[in-house]
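Given next are the chains, with one letter for each unit.
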Amino acid sequence: MRRALVLALAVGLVFTTGAAAHQAADPGAAYASVLADPIRTDADRERDAARHTAETLAFAQVKPGQKIADMIIGGGYFTRAFSAAVGPQGHVTAWQPDEFVGFQASYGEAVTAADALANVDGVSSPIGAPAFPAGLDLIFTAQNYHDLHLKPFAADTATKVNAAAFAALKPGGLYVIIDHYAVAGSGLEAADSLHRIDIESVKSEVEAAGFVLDGSSDLLANAADPRTALVFDPAIRGHTSQFMLRFKKPT
């Protein structure tokens, strides 16, 4: 309980008392107990520096007691961080599309592992019909928004998912999207071939669902990435240039 109170105060300072406090706050200190939480694995902690986990949690304005949906959880890296951050008074919905679970056994295993955490529900459903509960504070997805445009899925999948996100969030709730940069102006053409997406296409689609852009960050940008290689190419994997976008549901 004390940890949750300290984190709430620290994050509240970052996001409620103006630009000076925002610049002075240290996400690493604010979320130190979250990153060290035994819910997370040693492998998670080894990835924290590259993924800027504390800064990402700060960008998403994660606080104790929140209701969060981790959208397309992959192996559950952020699910575990959210579970530690929201604490026993919060709740995390860890959603994996049925199609992912059917494609690779480890995706199903990740849902099962997430569901075993005390404050997490691991769920799956068709990709065009996310199993989001109502009244969420945050919906978050990292490196997966482009998957909504993979060729096996219906052309309106992203439209349906964004509508579901808008409906599930409470007024003022946040929708945070992190993904691999495609070449500017390339639209959706790289989503299937390179697993990248044009940032402007994401903005357009999400704003069309009723969201308002609330913030962006180049924290995960990498000028050395030409943005033309498959993200799984060993030459760039783990070092792709990524954008961070934060959208808000109007109050």
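Scroll up for the structure.
Just so we're clear, the structure is a prediction, and the values are computed from it rather than from any experiment.

## Observations regarding the sheet that holds strand β3 (residues 120-125)
Part 1: Strands sit in the order β3-β2-β1-β4-β5-β7-β6 across an open sheet of seven strands; the sheet is mixed. If you trace the sheet from one side to the other, it starts and ends with β3 and β6 (212-217), each paired once. On average, each strand axis in the sheet is tilted by 20 degrees relative to the strand beside it, whichever way the strands run.
Part 2: Here seven bridges tie strand β5 (residues 169-180) to strand β7 (residues 242-248), and the two strands are oriented antiparallel to one another. Looking at β7, one finds that Ile177 is bridged to Leu245.

## Remarks on the packing of aromatic side chains
Part 1: Counted under the stated rule, the structure contains nine aromatic pairs.
Part 2: Centroid distance Tyr77 to Phe78: 4.9 Å. Interplanar angle 90 degrees. Geometry classified as edge-to-face. Accessibility assignment for this pair places Tyr77 and Phe78 in one class, buried.
Part 3: Ring centres 5.7 Å apart and planes at 50 degrees place the aromatic pair Phe100 and Tyr107 in the tilted group.
Part 4: Exposure remark for Tyr107: the relative accessible area of 22% places this residue in the partly exposed category.
Part 5: Here a set of aromatic residues connected by ring pairs shows up, and it is made of Tyr77, Phe78, Phe82 and Phe140.
Part 6: The ring of Tyr77 has Arg51 sitting right over it, with the charged end atom 4.7 Å from the ring centre.
Part 7: Here the guanidinium or amino end of Lys249 rests over the ring plane of Phe166, the centre of that ring lying 4.9 Å away.

How each quantity is defined
Per chain, residues are indexed from 1 in the order of the written sequence. In keeping with the model being predicted, local features are shown solely for residues with a pLDDT of at least 70 and side-chain atom pairs are shown and tallied solely at 80 or more, while totals for entire chains, interfaces and linings include all residues. Here the side-chain values reflect all heavy atoms present in the structure, with hydrogen atoms and water set aside. For two strands to be treated as a pair, DSSP must find no fewer than two bridges joining them. Labels follow the DSSP assignment, with helices taken as runs of H or I lasting at least four residues and strands as runs of E lasting at least two, numbered in each case from the N terminus. Geometry is summarised by axes, namely lines fitted to C-alpha atoms with helices restricted to the contacting stretch, and by angles between N-to-C directions that run from 0 to 180 degrees. Between 30 and 60 degrees the pair is tilted, below 30 it is stacked and above 60 it is edge-to-face, where a pair is any two Phe, Tyr or Trp rings, Trp via its six-membered ring, whose centres lie within 6.5 Å. A 1.4 Å probe rolled over the protein chains alone gives each residue an accessible area, and that area as a share of the maximum for its type sets the label: buried under 20%, exposed over 50%, partly exposed in between. Only when the NZ atom of a Lys or the CZ atom of an Arg is both within 6 Å of the ring centre and within 35 degrees of the ring normal do we say a charge sits over the ring.

Taken by themselves, the reported measurements are silent on function.
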